[in-house]
Amino acid sequence: MSDLRDLYQEVIFDHNRNPRNFGKLDQPTHQAQGVNPLCGDELAVYLSLDENERITAVHFEGRGCAISTASASIMTETLKGLSLEQADSYFRAFHAMATGETPAQTAGLDLSKLEVLSGVRDYPARVKCATLAWHTMQSALHSHGEQVTTE
Ligand code: ZN
């Protein structure tokens, strides 16, 4: 098991050092800010949806711990090209994975990339770091970009 944990650590460090899709998006159709005061994580999520409500681009920027940055980075890679409905399914599946709940519907979802963050379920304070970007994405898509706070 420790080999797997080492691999997960390595993936998280890599995303933290070299976050994917980092930086503001030109003319996003949806955006929101999220903060996790407990850890000091702050980030903004930007999305562009086309006329069919398919996600054509996802970016984020901000600063935070390795877990929050890696989670946001992996999220942007996961969501690109998805429909709104699929994005919501990934949100529910990832949330369940991170909190250790029984996963909701995961049929048809590829959760392999998100697995690297599943270890946070043993550390309640880190769950907020891992889910911050995802809650912020949900606010951007469904709550008119209302600021998200984990507290
Ligand atoms: Zn954090």
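Remember, it's a predicted structure, so these values are computed and weren't measured experimentally. (Residues numbered from 1 in each chain as written. Predicted model: local features only at pLDDT ≥ 70, side-chain atom pairs only at ≥ 80, totals over all residues. Heavy atoms only, no water.)

1. Notes on the coordination of the zinc ion
Each protein donor to the zinc ion is listed here as Cys39 (SG), Asp41 (OD), Asp41 (OD), Cys65 (SG) and Cys129 (SG); together their distances run 2.2 to 2.7 Å. Written as a sequence motif, the donor arrangement for the zinc ion is C-x1-D-x23-C-x63-C. Of this pair, Cys39 sits in the loop between strand 1 (30-36) and strand 2 (41-49) while Cys65 sits in the loop between strand 3 (55-63) and helix 2 (66-79); the two residues are 26 residues apart in sequence, bridging distant segments of the chain. Judged by its relative accessible area of 37%, Cys39 is partly exposed. Note on Cys65: relative accessible area 15%, which makes it buried. (Donors = N, O, S within 2.8 Å, 3.2 Å for Na, K, Ca; no water. Helix = DSSP H or I, 4+ residues; strand = E, 2+ residues; numbered from the N terminus. Buried < 20%, exposed > 50% of the residue type's maximum accessible area, 1.4 Å probe, protein only.)

2. Thoughts on the layout of surface pockets
Looking at the largest pocket, its volume works out to about 510 Å³. In this structure, the largest pocket is lined by 18 residues; those nearest its centre are Arg5, Gln9, Gly119, Val120 and Tyr123. Every element with two or more residues in the lining of the largest pocket is listed here: helix 1 (2-17) and helix 2. Broken down by element, the lining of the largest pocket gets its largest block of residues, 6 residues, from helix 1. In terms of residue class, the lining of the largest pocket is made up of 10 nonpolar, 3 polar and 5 charged. (1 Å grid on protein atoms, 1.4 Å probe; cavity = no way out; pocket = protein on both sides within 12 Å on 5 of 7 lines; lining within 4 Å. Points joined across faces, edges and corners; volume = space filled by probe spheres on them. Nonpolar A, V, L, I, M, F, W, Y, C, P; charged D, E, K, R; others polar.)

3. Brief notes about the packing of aromatic side chains
Using the criterion set out here, one finds 2 aromatic pairs in the structure. When the centroid spacing of 5.2 Å and the interplanar angle of 90 degrees are considered together, the rings of Phe22 and Phe60 count as edge-to-face. Of the two residues, Phe22 is situated in the loop between helix 1 and strand 1 and Phe60 in strand 3; the sequence distance between them amounts to 38 residues. Ring geometry for Phe94 versus Trp134: centroids 4.9 Å apart, planes at 25 degrees, classification stacked. One end of the pair, Phe94, is in helix 3 (residues 84-99); the other, Trp134, is in helix 4 (residues 124-142), with 40 residues separating them in the sequence. For the pair formed by Phe94 and Trp134, the shared burial category is buried. (Phe/Tyr/Trp six-rings, centres within 6.5 Å; stacked < 30°, edge-to-face > 60°.)

4. Considerations on the nonpolar core
Within the largest apolar cluster, 42 residues are counted, with the highest numbers of intra-cluster contacts made by Leu47, Leu79, Trp134 and Met137. Put simply, the parts of the chain that give this core at least two residues each are helix 1, strand 2, strand 3, helix 2, helix 3 and helix 4. No other element matches the 9 residues that helix 4 contributes to this core. The residues contacting Leu79, other than those within four sequence positions of it, are Ile55, Val58, Ala87, Tyr90, Trp134 and Met137. (Core = buried A, V, L, I, M, F, W, Y, C linked by side-chain atoms within 4.5 Å. Contact = heavy atoms within 4.5 Å.)

5. Remarks on the sheet that holds strand 3
The strand order across the open sheet formed by 4 strands is 3-2-1-4, and the pairing between neighbours is mixed. On the outer flanks of this sheet lie strand 3 and strand 4 (148-149), each paired with one strand and no other. Examined bridge by bridge, strand 1 and strand 4 share 2 bridges and lie parallel to one another. Within strand 4, the position partnered with Gly34 by the bridge is Val148. Along the sheet, helix 4 makes contact with strand 1, strand 2 and strand 4, crossing strand 1 at roughly 150 degrees. (Pairing = 2+ DSSP bridges. Axes fitted to C-alpha atoms, helices over the stretch in contact; angles between N-to-C directions.)

Such coordinate-based values are descriptive only and should not be taken to indicate function.
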